[in-house]
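# Architecture at a glance
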Amino acid sequence: MKRFFQPIAKDGPSKKPALSTADSAPPCPGGGDEEEKGEKREAPMRFLTWNANSLLLRAKNNWPEFSRLVQSLDPHVICFQEVRMPAAGSKGAPKNPNELKDDTSSSREEKQVLMRALSNPPFGEYRVWWSLSDSKYAGTALLVKKQLRPKKISFSLDRAASKHEPDGRVILAEFDSCFLLNTYAPNNGWKEEENSFKRRRKWDKRILEFVLQIEKPLIWCGDLNVSHQEIDVSHPEFFSNAKLNGYIPPNREDCGQPGFTLSERRRFDNILTQGKLVDAYRFLHNEKDMECGFSWSGNPVGKFLWK
């Protein structure tokens, strides 16, 4: 399950924030638009987010259903994660993560399938930004209603950087009223020796640094690859004690199903607490409701409510 977060005002009266199903406005080529004199930018208010697990497969197999959903909800912004489309650039050459690969007959055909889907109603109303990996792995996309005008679009947690995050894991849109952060977090993995624990710790540290230095309200959505609390999974004890081929990490806090280890959950809780962020889904749904969650297919006994 993808989540939305909105910070509580750091100053002023203490009260619950107004939650929105928000979205973002489209930026201009080169990363931003100059606002015309006297023009008031419309604020995004409705957001839709989806880990597509291959946007090409969704375009081929699930597009009519998804199109009806978008027509029904009419989101201002649509965030995709795990688009799994390679970046433009021939083999051995530098890649362009802003563009879809089309230098071979197969990649051209795949690009045509996807762009045809995105040009049909209602998607023709949106402008598209990509942050892509070099291969069919990871990657994110952002669709924003054309009448909305973000001030800037960037592709890194380091707002001063011009480069994309490795594997296209971040798209950041700045609006007059807020930031929208679309992320595909790296999976924690099972083993310390594979450096996946280190990679996830570094990611969480950078996310914390990011949320602490922004100066506007933040809407953070995407596949965050973590289930925060026991209420977010169907079998907490099972997931806490899960092992891969009997392997037990040296640190007890790293034991369990990736996404539900104690270390990941504590770091995520720290990000929410220090960043004064609200889990909007739990704000609205205090009780366990796994039927509305993400059904994890890795094991028949378990369900995750992913953030």
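Predicted model, so just to flag it, every value in this text is computed and none were measured. (Residues numbered from 1 in each chain as written. Predicted model: local features only at pLDDT ≥ 70, side-chain atom pairs only at ≥ 80, totals over all residues. Heavy atoms only, no water.)

Scanning the chain from terminus to terminus reveals seven helices and twelve strands. Counting only residues that meet the buried cut, the chain has 50% of its 307 residues in that class. At a minimum sequence separation of 6, the contacts of the chain that also span at least 24 residues come to 70%. With the model as given, the accessible surface of the chain reaches about 15,000 Å², and the carbon-plus-sulfur share is 51%. (Helix = DSSP H or I, 4+ residues; strand = E, 2+ residues; numbered from the N terminus. Buried < 20%, exposed > 50% of the residue type's maximum accessible area, 1.4 Å probe, protein only. Contact = heavy atoms within 4.5 Å. Areas by Shrake-Rupley, 256 points an atom, 1.4 Å probe, with all protein chains shown as cover.)

Here the focus is the sheet that holds strand 6 (residues 126–131). Whenever strands of a sheet pair, they do so through backbone hydrogen bonds, lying parallel or antiparallel. Pairing is mixed across the open sheet formed by four strands, whose spatial order is 2-3-7-6. Each having just a single partner strand, strand 2 (47–51) and strand 6 make up the two edges of the open sheet. In this sheet, adjacent strand axes meet at a mean angle of 15° when their direction is disregarded. One ladder, built from five bridges, connects strand 2 with strand 3 (residues 77–81); its direction is parallel. What sits directly across from Leu-48, in strand 3, is Ile-78. Lying on the sheet, helix 2 (residues 63–73) is in contact with strand 2, strand 3 and strand 6; it crosses strand 2 at an angle near 160°. (Pairing = 2+ DSSP bridges. Axes fitted to C-alpha atoms, helices over the stretch in contact; angles between N-to-C directions.)

Residues given the UniProt feature "binding site: Mg(2+)" (unreviewed entry) here are Asn-51, Glu-82, Asp-223 and Asn-225. The greatest C-alpha distance among the annotated residues, which extend across 175 residues, is 11.7 Å, indicating that they converge on a single site. Tracing the backbone through its elements, the reader meets Glu-82 in the loop between strand 3 and strand 4 (87–88). Note on Glu-82: relative accessible area 9%, which makes it buried. Those residues in contact with Glu-82 that lie beyond four places of it in its chain are Asn-51, Ala-52, Asn-53, Ser-54, Leu-55, Ala-138, Gly-139 and Tyr-184. (UniProt positions renumbered as here; feature names shortened; annotations may be inferred.)

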